[in-house]
Amino acid sequence: MAILKIFKYGSEILRQKSKEVGKISKKIKILAENMIDTMYANNGVGLAAPQVGENIRLFVVDVSLENEKYNPIVFINPKIISHEGASHEKEGCLSFPNAFVDVRRYAYIKVKALNLSGKPFIIEAKDGSLLSRAIQHENDHLDGILFIDHARNIFETIKALEDNGLAPLEKDKMLDEEEIENLLVEDKTTENE
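Along each chain, residues carry numbers from 1 onward, in the same order as the chain's sequence is written. Per-residue local features of the predicted model are confined to residues with pLDDT of at least 70, and side-chain atom pairs are confined, for both listing and counting, to 80 or more; whole-chain, interface and lining totals are unaffected and use all residues. Note that water and hydrogens are dropped before the side-chain values are worked out from all heavy atoms of the structure.

Caption draft 1: Structural view of the nonpolar core. Take the buried residues of types Ala, Val, Leu, Ile, Met, Phe, Trp, Tyr and Cys, join any two whose side-chain atoms come within 4.5 Å, and each joined set is a nonpolar core. Residue burial is assigned from relative accessible area. The probe radius is 1.4 Å, only protein chains are included, and a residue is buried under 20% of its type maximum, exposed over 50%, and partly exposed in between. Formed by 19 residues in total, the largest nonpolar core has its most connected members in Met35, Leu47, Ile56, Leu58, Val60, Val74 and Ile76. Each helix corresponds to a stretch of at least 4 residues labelled H or I by DSSP, and each strand to a stretch of at least 2 residues labelled E; elements are numbered beginning at the N terminus. Going through the elements one at a time, α1 (26-41), β2 (58-61) and β3 (73-84) are the ones with two or more residues in this core. Ranked by the residues each element gives to this core, the list is headed by α1, at seven residues. Residues contacting Val74, with those up to four places away along its chain left out, are Ala32, Ile36, Leu58, Phe59, Val60, Leu114, Asn115, Leu116 and Phe121. Judged by nonpolar contacts, the second largest core, of 15 residues, contains Leu14, Phe96, Ala151 and Ala160. A contact between two residues is defined here by any heavy atoms of the two lying within 4.5 Å.

The structure is reproduced here in structure tokens:
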């Protein structure tokens, strides 16, 4: 297959809302396969269609470890149907080479999507796992939301972007996640008791 160009932070397509996939055509299947190859070639755990210049609701994820067999999952027209809890972790993104920042995510999610055969499936990801974070990260791309919009520390984020020669932080795009931040603070307080 082909290795696709990954659009970097600052590209307009990364801020656009993606369109639903109407029909899972041969073109869509080839795109998904190329996205999987591109993700592996760049040592990623996920890649969304907008990152390769396609404005459609499709992403791929593979959180298998180095010593495990590849296990890519293709998500077409995904919807997160429930979520709870909170977690935070450093995240990066193939559209932000070498930039990592601490971001908030839900700890548990349930997502519904279509596979490449057009069959619906549901996946649950728990405990702030890499799978949970990767699905949320890639799903955000489909709505023009980037991982830095979930950053816990604006100064750390500005520095990470500057240090890696990336476009400046779009402060107006940062999400007000008071509810999820409060859950993180509560968890920390409970741990210290």
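Caption draft 2: Representation of the pairing of β2 in the model. Side-chain alternation along β2 places Leu58 and Val60 on one buried face and Phe59 and Val61 on a second face that is also buried. Pairs of strands are assigned from DSSP output, requiring at least two bridges between the strands. With three bridges connecting them, strand β1 (residues 46-48) and β2 associate as antiparallel partners. By the bridge assignment for β2, Gly46 is matched with Val61. With four bridges joining them, β2 and β3 adopt antiparallel strand pairing. Paired with Phe59 across the two strands is Phe75, which belongs to β3.

Caption draft 3: The arrangement of the packing of aromatic side chains in detail. Two rings belonging to Phe, Tyr or Trp (six-membered ring only in the last case) form a pair when the distance between their centres is within 6.5 Å. Interplanar angles under 30 degrees mark stacking, angles over 60 mark edge-to-face geometry, and anything in between is tilted. For the coordinates displayed, the defined rule picks out five aromatic pairs. Arranged with centres 4.6 Å apart and planes meeting at 20°, the rings of Tyr9 and Phe96 form a pair that is stacked. Remark: Phe96 occurs in strand β5 (residues 96-105) and Tyr9 occurs in the segment before α1; sequence separation between them is 87 residues. Grouping residues by exposure puts Tyr9 and Phe96 together as buried. With 4.9 Å between their ring centres and 90° between their planes, Phe96 and Phe147 make a pair best called edge-to-face. Note that Phe96 is positioned in strand β5 and Phe147 in the loop between α2 (130-141) and α3 (154-163), a separation of 51 residues in sequence. Residue Phe96 is classed as buried on the basis of its relative accessible area, which comes to 1%. Assessed through its relative accessible area of 3%, Phe147 is described here as buried.

Interpretation note: all reported values are geometric properties and have no functional meaning in isolation.
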